[in-house]
Amino acid sequence: TGWLYDQSVANHFVARILWQLCHNREAVMNDAVKGSPTSCTLIAQISKLLLERYWQQKGDLYPEIYHVSASGGTSVAKVASFMQEQLFFRGVITHPFAITSQQSGQVPRPLNQCLNCSKIEQALAVNLPHWQEDMGKYIAHLDLNFFVKE
């Protein structure tokens, strides 16, 4: 999914937004498509929990297909605004600037890309974190030196 990101400095949408914000580049983001940004760490934690539960129940947990993503839906423009706020509070950027929204991207995509994760939440008796909580942890542990270098 295009809404995944990880701790490596990879070519995912969060890394591209971070680079733009740290270099005060004009940020023009799609505001029409709605999804749930999700860290690969969250996917790994839920996968581990699911496997542990499966082995504890000796196979009584019937193998199924589960959707996993952080909860809450948002647009890429709102993700960029949240990230900008986090970087401002950390002192990485000294002044917030406008993030311009646009309605269409280069590739046509479904407008709602949020996943229904109620089945995995019920099977594991967990509440998946909101995307802002998940992303806040990501930004808090991220080495931003890579992004502020020219």
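Residues numbered from 1 in each chain as written. Predicted model: local features only at pLDDT ≥ 70, side-chain atom pairs only at ≥ 80, totals over all residues. Heavy atoms only, no water.

### Observations regarding the nonpolar core
Our working rule: As used here, the term nonpolar core means buried Ala, Val, Leu, Ile, Met, Phe, Trp, Tyr and Cys residues forming a set that is joined through side-chain atoms within 4.5 Å. Each residue gets one of three labels from its accessible area relative to the maximum for its type: buried under 20%, exposed over 50%, partly exposed in between, using a 1.4 Å probe on protein chains only. Runs of E in the DSSP output that reach at least two residues are strands. Runs of H or I that reach at least four are helices, and both are numbered from the N terminus. Contacts are residue-level and defined by heavy atoms, with any inter-residue pair within 4.5 Å sufficient.
Ranked by size, the top nonpolar core spans 34 residues in total, and within it V14, I17, L18, V79, M83, I120 and M135 carry the most contacts. Within the residue set of this core, elements represented by two or more residues are α1 (13-22), α2 (40-56), α3 (76-89), α4 (118-124) and α5 (131-140). Among the elements that take part in this core, α3 stands out by supplying 7 residues, more than any other. If sequence neighbours within four positions are ignored, M83 has contacts with V14, I17, L18, L21, M135 and I139.

### Digging into the confidence of the model for the protein
Basically, it comes down to this: The pLDDT value tells you how sure the predictor is about a given residue, anywhere from 0 up to 100.
For the protein, per-residue confidence averages 81 on the pLDDT scale, and residues scoring 70 or more make up 80% of the total. Model confidence for the protein, summarised as mean pLDDT per element, is weakest for helix α6 (residues 145-148) at 63 and strongest for strand β3 (residues 38-39) at 92.

### A look at the packing of aromatic side chains
Threshold: Only the six-membered ring of Trp is used, alongside the rings of Phe and Tyr, when aromatic pairs are assigned; centres must lie within 6.5 Å, and planes under 30 degrees apart are stacked while those over 60 apart are edge-to-face, with the rest tilted. Charges are assigned to positions over rings by a cutoff of 6 Å between ring centre and Lys NZ or Arg CZ, combined with an angular limit of 35 degrees from the ring normal.
Enumeration over the complete set of coordinates arrives at 5 aromatic pairs. Taking the centre distance of 5.4 Å and the plane angle of 80° together, the rings of Y54 and W55 count as edge-to-face. Judged by relative accessible area, Y54 falls into the partly exposed class, the value being 27%. Sitting above the plane of the Y66 ring, K119 keeps its charged end 5.5 Å from the centroid.

### Re the side chain of S39
Spelled out, the test is: For this analysis, a polar contact is any N or O atom pair within 3.5 Å, provided that within protein one partner can donate a hydrogen and the other can accept it, and provided that sequence-adjacent residues contribute only side-chain to side-chain pairs.
In this structure, S39 sits in strand β3. A polar side-chain atom of S39 sits 3.1 Å from the main-chain amide nitrogen of L42. Among all residues touching S39, those that are not within four sequence positions of it are Y5 and D134.

### A word on the environment of Y54
Topologically, Y54 is positioned in helix α2. For the pair Y54 and L124, spaced 70 residues apart in sequence, the C-alpha separation works out to 10.0 Å.

### Re the pattern of salt bridges
Here is the rule we go by: Just to be clear on terms, a salt bridge is a Lys or Arg side-chain nitrogen sitting within 4 Å of an Asp or Glu carboxyl oxygen.
Considering all chains together, one arrives at 3 salt bridges under this definition. A salt bridge links K48 to E52; the shortest N-O distance between them is 3.0 Å. Residue K48 and its partner E52 are both found in helix α2; the two are separated by 4 residues, about one turn of the helix. Taking the relative accessible area as the measure of exposure, K48 reaches 52% and is therefore exposed. Taking the relative accessible area as the measure of exposure, E52 reaches 35% and is therefore partly exposed.

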